[in-house]
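# Examining the three-dimensional arrangement
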Amino acid sequence: MEGVSSLDEPLKKLLGGATAKVMAEHLDLHTVGDLLHHYPRRYEERGKLTALTDLPLDEHVTVVAQVADARILTFNNGRGKRLEVTLTDGSGRLQLVFFGHGVHKPHKELLPGRQAMFAGKVSVFNRKMQLAHPTYQLLDASDADEASEAVDAFAGRLLPIYPACKQLDSWRIAKAVDAVLPSARDAVDPLPASLREGRGFTPLPEALLKVHRPQTRADIEDAKARLKWDEAFVLQVALARRRYADTQLPAAARRRVPDGLLDAFDAKLPFTLTEGQEKVSKEIFDDLATEHPMHRLLQGEVGSGKTMVALRAMLAVVDAGGQAAMLAPTEVLAQQHHRSITEMMGELAEGGMLGGSDRGTKVVLLTGSMGAAARRQALLDLVTGEAGIVIGTHALIEDKVRFHDLGLVVVDEQHRFGVEQRDALRSKGKQPPHLLVMTATPIPRTVAMTVFGDLETSVLDQLPAGRSPIASHVVPAKDKPHFLARAWERVAEEVENGHQAYVVCPRIGDDAEEAEGRGGKKAKAKKAAPEEDGEKRPPLAVLEIADQLRGGALSGLSVEVLHGRMHPDEKDDVMRRFAAGDIDVLVATTVIEVGVNVPNATAMVIMDADRFGVSQLHQLRGRVGRGSAPGLCLLVSEAHEASPARARLSAVAATLDGFELSRIDLEQRREGDVLGQAQSGVRSSLRMLTVIDDEEVIAAAREEAVAIVAADPELERLPELRTVLAALLDKEREEYLDKG
């Protein structure tokens, strides 16, 4: 199998230490194989210019354009120099700006009429799109050998434009690819020969060559079809094997017992379940009754009654002699679930207590910040089996937690839990427990097949009776400041009518955060060039906005804050007072995104709404309109009217259908983001596949994968596929260890 080795070579060997270091740190590319799978994002034709009108803001872009004019301006009484260059593509214009000592070389080289590739981050300055200090490579310099060499290096007329970063532009990546391209012939082909020939795919080495150095557009299509299929197929085989392995595991069947807790609970429900809830409950009860562990994903809009379905499943398991655990992503949420479940159950949640029902059970809470005595008691109740239901955070996964007989695990908001945590919790049972995963983020079918491909899916798509409509509007704070003033008036009116409101901000705004920067590393103070106020201002912060509102638009109302850095008791206290109606306006970060349930809150103002993702905005909005009064959601943004950010906000304002929004979200996000975040390594390995466009590929690959795994679960007859799979899963394990 020496074929694998040349692709496993570290890049350092071929490219030198400095380039390899940048590739590892900024692009997560470590080996020759990694770089071969770093595909061009698009291709430009030589002599053809990039459309400059629809460049994405705040992204690192590479464009091919022509210089229209260039001039040096001075400021600070002649002490400062600035070079402004205008690029054109025939349809639009783009400004480049260079400062200080950096102006001399570009001033000599970027003459009107010259064509070049430019790379940099798109920003807006004085309402014009600009690139500040871009790097560039001339494409038509007759005298500069380097430039003509750069042009000749690319096959044909197609210039590959690679996903790049500030430290390494696209054409330097192209040069590095040239150095590793000969190794492509050693690529191990994962597709079984019969499948490859049956579908008429190009062999893998040839596909890699064509994707990096195409002679024609047809080469690109050929290569893409093959590489997409590989990704979908290898991933689906991994998932099919995981599903197959799960079906081989033993589990205790938990069959419904008549006249138990569940029947008592159903009898006291003040309303009837929706058809959807009945149907999904039946799917779950059927799964629970089998001797293999259930693995089911329950997706449903905010407020579609998922918790009710999950609670009934938990009660059925308690009736059958097992225990059920519900895992929530945050303490605020765990406390809230605990509160709402004990309220729904009433005396049935007081098993073994005075006044409790003889059919009842104990419902305990377990979180990291509990006092020692309460924690000891909770752990004791779990180990003796006194507690049938436990609700908690990651604290449930700790080694010290022992169960009497864990039968069902419910995970809330799956996108915050990787596969590993599920496995850790699973090992708590005598046998693997049944698993129900709930998410309020509507997931298009293809993503469900990919991200949650190891789970069966149930969907709750009806809203229970009594939920009110939510009106959403975009408030353009920069263009129309009086709209923002009106937004605060609307909030005051809601409070006057006896309701409450949320104000959401992207940032907390305390010193700890400023010092740490956004990513936990100390942020260096940036020195802006004299007039680079085109720099984006920092996102609005909870503490500042709360102070402004108390002293201004909402003075006289009780305005409180809630954010992740508060002490858990303090957080709980604020939530309790808000739920009780003692607080009029809650200014918060996205800690309120999931599960906070205050039916009396009818209005929400989201500041800097363009800094949130589509599905996040949809989640946040789901916090209002939970009672009988209609909800109002105002999306405040300073984003330019023509920007993609504003288009996203308009989409959110235009529909309440989460599935529709998740589709829009997918179409607008860059490849890779969708699956990444909290999912484990396999998921973020998608490079060529875009989950939204490639539904047929994914569905077909899934079918082939299921058939292959059913016939040969260990892939003994397919050693190449096994090798490729092992590499993919190794990466996943490695990432898991890094995280841990």
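Everything numeric here is computed off the predicted structure, so don't read it as measured data.

## Details of the overall build of the chain
Within the chain one finds 26 helices and 21 strands. The proportion of buried residues among the 740 residues of the chain is 53%. Summed over its atoms, the accessible surface of the chain is roughly 32700 Å², and 51% of this surface lies on carbon and sulfur atoms.

## Some details on helix H13 (residues 306–319)
Here H13 contains 14 residues, and its C-alpha end-to-end distance of 20 Å stays within 8% of the 20 Å for a straight helix at 1.5 Å per residue. Along H13, 12 of the 14 residues are buried, which leaves the element largely enclosed by surrounding structure. Along H13, the residues that are buried comprise Lys 306, Met 308, Val 309, Ala 310, Leu 311, Arg 312, Ala 313, Met 314, Leu 315, Ala 316, Val 317 and Val 318. Of the residues flanking the end of H13, it is Gly 321, one or two places downstream, whose phi is positive at about 95°.

## Here's the deal with the sheet that holds strand E17 (residues 500–504)
Strand order in the open sheet formed by six strands is E16-E21-E20-E17-E19-E18, with parallel pairing between adjacent strands. Here the strands that pair on one side only, and so sit at the sheet edges, are strand E16 (470–476) and strand E18 (559–562). Strand-to-strand twist across the sheet, computed as the mean angle between neighbouring axes with direction ignored, equals 20°. The pairing of E17 with strand E20 (residues 601–606) spans five bridges and is classified as parallel. Residue Gln 500 lies in a different strand from E20, and its bridge partner there is Ala 601.

## Focus: the environment of Pro 444
Position of Pro 444 among the secondary structure elements: in the loop between strand E14 (434–439) and helix H17 (445–451). Sequence separation between Pro 444 and Glu 695 is 251 residues; the distance between their C-alpha atoms is 9.8 Å.

## Points about the packing of aromatic side chains
What characterises a pair of aromatic rings is the spacing of the ring centres plus the angle enclosed by the ring planes. Across all of its chains, the model carries four aromatic pairs by this definition. With 6.4 Å between their ring centres and 80° between their planes, Phe 98 and Tyr 136 make a pair best called edge-to-face. Of this pair, Phe 98 sits in strand E4 (residues 93–99) while Tyr 136 is found in strand E7 (residues 135–138), placing the two residues 38 residues apart along the sequence. Ring centres 6.1 Å apart and planes at 40° place the aromatic pair Phe 118 and Tyr 136 in the tilted group.

## Describing the nonpolar core
Nonpolar side chains in soluble globular proteins generally cluster together in the buried interior. Core analysis: the biggest nonpolar cluster contains 40 residues, and Met 314, Met 345, Ile 389 and Leu 408 have the highest contact counts within it. No other element matches H13, which puts 10 residues into this core. Residues Leu 36, Ala 164, Leu 208 and Val 211 belong to the second largest nonpolar core, which totals 33 residues.

## Thoughts on the packing of H13 against helix H14 (residues 331–345)
At a minimum axis distance of 12 Å, the contact between H13 and H14 shows a crossing angle of 70°. The orientation of H13 relative to H14 falls into the category roughly perpendicular. Every pair of crossing elements has a handedness; the one defined by H13 and H14 is right-handed. Contact residues: H13 offers Thr 307, Met 308, Leu 311, Met 314 and Leu 315, while H14 offers His 337, Ile 341, Met 344 and Met 345. Grouping the constituent residues of the contact of H13 with H14 by class yields seven nonpolar, two polar and no charged.

## Remarks on the pattern of salt bridges
Under the defined criterion, the tally for this structure stands at 37 salt bridges. Notably, a salt bridge pairs Arg 296 with Asp 287, separated by 2.8 Å at the nearest N-O pair. For Arg 296, a relative accessible area of 10% corresponds to the buried category. Residue Asp 287 is classed as buried on the basis of its relative accessible area, which comes to 18%. We note a salt bridge from Glu 493 to Arg 486, for which the minimum N-O separation is 3.1 Å. The class for Arg 486 is partly exposed, based on a relative accessible area of 37%. Salt bridges sharing common partners tie together Arg 486, Glu 489, Arg 490, Glu 493 and Glu 494.

## Some details on the confidence of the model for the chain
Per-residue pLDDT for the chain has a mean of 82; in total, 84% of the residues score no lower than 70. This model gives residues 514–535 a pLDDT under 50, and the stretch forms 24 contacts once residues within four places in sequence are excluded. In this model, residues 733–740 is a region of pLDDT below 50 whose contacts with residues beyond four sequence positions or in other chains number six contacts.

## Notes on the side chain of Asp 230
Relative to the elements of secondary structure, Asp 230 occurs in helix H10 (residues 217–248). When residues no more than four places from it in sequence are discounted, the contact partners of Asp 230 are Pro 190, Leu 191 and Leu 204.

## A look at the environment of Ala 24
Here Ala 24 shows up in helix H3 (residues 17–27). When its relative accessible area of 25% is taken as the criterion, Ala 24 is described as partly exposed. Each C-alpha atom, one on Ala 24 and one on Asp 34, is 9.9 Å from the other, the two residues being 10 residues apart in sequence. Those residues in contact with Ala 24 that sit more than four places away from it in its chain are Leu 29 and His 30.

Cut-off values and rules
Residues numbered from 1 in each chain as written. Predicted model: local features only at pLDDT ≥ 70, side-chain atom pairs only at ≥ 80, totals over all residues. Heavy atoms only, no water. Helix = DSSP H or I, 4+ residues; strand = E, 2+ residues; numbered from the N terminus. Buried < 20%, exposed > 50% of the residue type's maximum accessible area, 1.4 Å probe, protein only. Areas by Shrake-Rupley, 256 points an atom, 1.4 Å probe, with all protein chains shown as cover. Expected span 1.5 Å × (residues − 1). Pairing = 2+ DSSP bridges. Axes fitted to C-alpha atoms, helices over the stretch in contact; angles between N-to-C directions. Phe/Tyr/Trp six-rings, centres within 6.5 Å; stacked < 30°, edge-to-face > 60°. Core = buried A, V, L, I, M, F, W, Y, C linked by side-chain atoms within 4.5 Å. Parallel < 35°, antiparallel > 145°, perpendicular 65-115°, else oblique. Left-handed = near helix turned anticlockwise from the far one by under 90°. Contact = heavy atoms within 4.5 Å. Nonpolar A, V, L, I, M, F, W, Y, C, P; charged D, E, K, R; others polar. Salt bridge = Lys/Arg side-chain N within 4 Å of Asp/Glu carboxyl O. pLDDT = per-residue confidence, 0-100.

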